[in-house]
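# An overview of the molecular structure
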Amino acid sequence: ITVLVVYYSETGNTEKLAQAVATGAQKISSVTTIIKTPDNVTREDLKSADALILGSPTYWGDMAAQMKKFIDDWWFIFVL
């Protein structure tokens, strides 16, 4: 099982949370984790992932623009 953890972190706090999530997932022997920021995710990363975990701080009740752009564009990355 491959778990892709995608996070955006400006101050480092969300990165720490993403690392903790990946560490927890890796405690299961059949799980492999990939940790990346939205701008470094490739088509191969998305296609090979069995699970996707997203992490973002919130600004004015919404996710970070970088994460929103990733979600809005992943169809193009994954399908095209």
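Just above sits the structure.
First, a word on scope: everything that follows refers to the structure included in this document.

What counts as what
Residues numbered from 1 in each chain as written. Predicted model: local features only at pLDDT ≥ 70, side-chain atom pairs only at ≥ 80, totals over all residues. Heavy atoms only, no water. Pairing = 2+ DSSP bridges. Helix = DSSP H or I, 4+ residues; strand = E, 2+ residues; numbered from the N terminus. Axes fitted to C-alpha atoms, helices over the stretch in contact; angles between N-to-C directions. Buried < 20%, exposed > 50% of the residue type's maximum accessible area, 1.4 Å probe, protein only. Polar contact = N/O pair within 3.5 Å; in protein donor to acceptor, adjacent residues only side chain to side chain. Right-handed = clockwise from strand over helix to strand, strands pointing away.

Ordered by their spatial adjacency, three strands build an open sheet running β2-β1-β3, and the pairing between neighbours is parallel. The sheet is open, and its two edges are formed by β2 (32–36) and β3 (51–55), each paired on a single side. Averaged over all adjacent pairs, the angle separating strand axes in this sheet is 20 degrees, with direction ignored. Here five bridges tie strand β1 (residues 2–7) to β2, and the two strands are oriented parallel to one another. By the bridge assignment for β2, Val6 is matched with Lys36.

The residue Glu10 is located in the loop between β1 and α1 (13–26) in this model. Accessibility expressed as a relative area gives 58% for Glu10, which makes it exposed. At a separation of 3.4 Å, a polar atom in the side chain of Glu10 contacts the side chain of Tyr8.

Among the six residues that make up β1, six are buried, leaving the element largely enclosed by the rest of the structure. Covered by surrounding structure in β1 are Thr2, Leu4 and Val6 together with Val3, Val5 and Tyr7, the residues of both alternating faces. Read from β1 through α1 to β2, the crossover connection turns out right-handed. Where β1 and β3 come together, five bridges link them in parallel fashion.

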